[in-house]
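A look at the structure
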Amino acid sequence: MARARYEHVSHPEARLSDGSIARIAPSSFTSGFELDVAGTPQSHVDLDDPTHLHFEYIGRMAAVIDQLRLPGQPLTAVHLGGGALTIPRYIAHTRPGSRQQVIELEQALVDLVRTNLPLPRGAQIRVRIGDARAGLARLPDSLSGNVDLLVSDVYAGAQTPAHLTTVEFYREAAHLLAADGVLLVNVADGAGLAFARGQVATVREVLPEIALLAEVQTLKGRRFGNLVLAASAAPLPTAWLPRLMAAGPHPAKVAIGAELDEFVRGAVPATDATATPSPKPAASLFEL
């Protein structure tokens, strides 16, 4: 998953607006393909099996999505950050008829993905180009209050931009959600989890019902990794917990209630005036 992987092999690529290079290459670890941006793995896609979710945090997101509505029931979903459209593909496959909107900043990235990892025929996935936050205001009015699922998974390189981590941003995003709609946020953090704790505090200012899913050592703050934050204005059914734990990937951990209160104790919500980007992982994290 490092830059060295591409040194002697030519793969489809595109130059993004910030000068970084996006590449698509066969996975070195499993079937399917990976999208890499500036040396950071962004997405994995298996065209033959959209339910094959190689990245652990994506698997945790899918475990939550599987609990929404009735099994197989179409969803109305909005995705902030496109990548290789892994989750939209998963929803289109497992919930045919779902209506999905994706906001992605980079037209060149969308073109690269569509050309080399084409979407399945009949998938109702509309991709809009632009900044994720600004794009919220340009979505159809009919979506306001009617979105079952909103996924925020936006990275510039290896960091989430600061303006997509604030109370104000989450208020704008939550305006789209149905009364029992669910927000999923990919939060990357390392030792101490200061950023993740701040994000839980921030989201809880807007959506009070929260669960945090992660690999055990990541949730303990012992190594850099991805945590999935699930939030809603309505109670998250406790019946989710055994299924989420069983779904893995393992070893899995779901923090709610008093455990989450302790996790977030002392954390200060981020605002537009105070926010910073998510922490940048060490380059060695992605080396083979």
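Residues numbered from 1 in each chain as written. Predicted model: local features only at pLDDT ≥ 70, side-chain atom pairs only at ≥ 80, totals over all residues. Heavy atoms only, no water.

Topic: the pairing of strand β2 (residues 21–26)
Pairing geometry for strand β1 (residues 13–15) and β2, over 3 bridges, is antiparallel. Residue pairing in the sheet places E13 in a bridge with R23 of β2. Sheet analysis places β2 next to strand β3 (residues 33–37), joined by 5 bridges and oriented antiparallel. Counterpart to A25 in the pairing with β3 is E34. Adjacent in sequence and paired antiparallel, β2 and β3 are bridged by 6 residues, among which G32 carries a positive phi angle near 95°. (Pairing = 2+ DSSP bridges. Helix = DSSP H or I, 4+ residues; strand = E, 2+ residues; numbered from the N terminus.)

Quick look at the sheet that holds strand β4 (residues 40–45)
The 4 strands lie next to each other as β1-β2-β3-β4, forming an open sheet whose pairing is antiparallel. The open sheet has two free edges, formed respectively by β1 and β4, since each of these has just one partner strand. Mean inter-strand twist for the sheet, computed between neighbouring axes without regard to direction, equals 20°. Inspection of the sheet shows β3 paired to β4 by 5 bridges, in the antiparallel sense. Across the sheet, the residue bridging to L35 is S43, located in β4. Contacts between helix α3 (residues 107–116) and the sheet are confined to β1, β2 and β3, with β2 contributing the most and set at about 15° to the helix. (Axes fitted to C-alpha atoms, helices over the stretch in contact; angles between N-to-C directions. Contact = heavy atoms within 4.5 Å.)

So, the confidence of the model for the protein
In the predicted model, the protein carries a mean pLDDT of 91, and the fraction of residues at 70 or more is 92%. Counted against residues more than four places away or in other chains, residues 1–6, with its pLDDT under 50, gives 23 contacts. (pLDDT = per-residue confidence, 0-100.)

Notes on empty space enclosed by the protein
Scanning all chains against the criterion turns up 2 cavities of 30 Å³ or more. Lining the largest cavity are 13 residues, with T160, L164, Y170, V185 and N186 sitting closest to its centre. Looking at the lining of the largest cavity, the elements that each hand over two or more residues are β9 (177–189) and α6 (194–204). For the lining of the largest cavity, the leading source of residues is β9, giving 3 residues. What the second largest cavity holds in volume is close to 60 Å³. Taken together, G82, G83, L85, E104, L109, V110, V113, R114 and V127 form the lining of the second largest cavity. In terms of residues, the lining of the second largest cavity owes the most to one element, α3, which gives 4 residues. Looking at the lining of the second largest cavity residue by residue, the classes come out as 5 nonpolar, 2 polar and 2 charged. (1 Å grid on protein atoms, 1.4 Å probe; cavity = no way out; pocket = protein on both sides within 12 Å on 5 of 7 lines; lining within 4 Å. Points joined across faces, edges and corners; volume = space filled by probe spheres on them. Nonpolar A, V, L, I, M, F, W, Y, C, P; charged D, E, K, R; others polar.)

Thoughts on the environment of A14
Checked against the element boundaries, A14 lands in strand β1. Along the primary structure A14 and I24 are separated by 10 residues, whereas in three dimensions their C-alpha atoms are 9.3 Å apart. Ignoring anything within four residues of it in the chain, the contact list for A14 reads S20, I21, A22, A108 and L112.

Some details on the packing of helix α1 (residues 56–65) against helix α2 (residues 86–94)
Interaxial distance between α1 and α2 falls to 11 Å at its minimum, and their mutual angle equals 35°. As for how α1 packs across α2, the hand of that crossing is right-handed. Contacts between α1 and α2 involve I58, M61, A62 and I65 from the former and T86, I87, Y90 and I91 from the latter. Among the residues making up the contact of α1 with α2, the classes are represented as 7 nonpolar, 1 polar and no charged. (Left-handed = near helix turned anticlockwise from the far one by under 90°.)

So, the sheet that holds strand β8 (residues 147–152)
With respect to topology, 8 strands assemble into an open sheet ordered β7-β6-β5-β8-β9-β11-β10-β12, the strand pairing being mixed. Looking along the sheet, the strands with just one partner apiece sit at the ends: β7 (125–129) and β12 (252–255). Pairwise comparison of adjacent strand axes, ignoring direction, gives a mean angle of 15° for this sheet. The pairing of strand β10 (residues 209–215) with strand β11 (residues 225–232) spans 5 bridges and is antiparallel. Counted as the bridge partner of E209 is S232 from β11.

Remarks on the pattern of salt bridges
Should their charged atoms come close, side chains of opposite charge can pair. Using the criterion set out here, one finds 10 salt bridges in the structure. Across the pair E172 and R133 runs a salt bridge, and its minimum N-O distance is 3.1 Å. One end of the pair, E172, is in helix α5 (residues 167–174); the other, R133, is in helix α4 (residues 132–136), with 39 residues separating them in the sequence. Given the relative accessible area of 35%, E172 is considered partly exposed. (Salt bridge = Lys/Arg side-chain N within 4 Å of Asp/Glu carboxyl O. Buried < 20%, exposed > 50% of the residue type's maximum accessible area, 1.4 Å probe, protein only.)

Focus on the packing of α6 against helix α9 (residues 257–264)
At a minimum axis distance of 9 Å, the contact between α6 and α9 shows a crossing angle of 115°. Two packed elements cross with a definite hand, and for α6 against α9 that hand is left-handed. Contacts from A196, R197, V200, A201 and R204 in α6 reach L260, D261, F263 and V264 in α9. Considering only residue class, the contact of α6 with α9 consists of 6 nonpolar, no polar and 3 charged.

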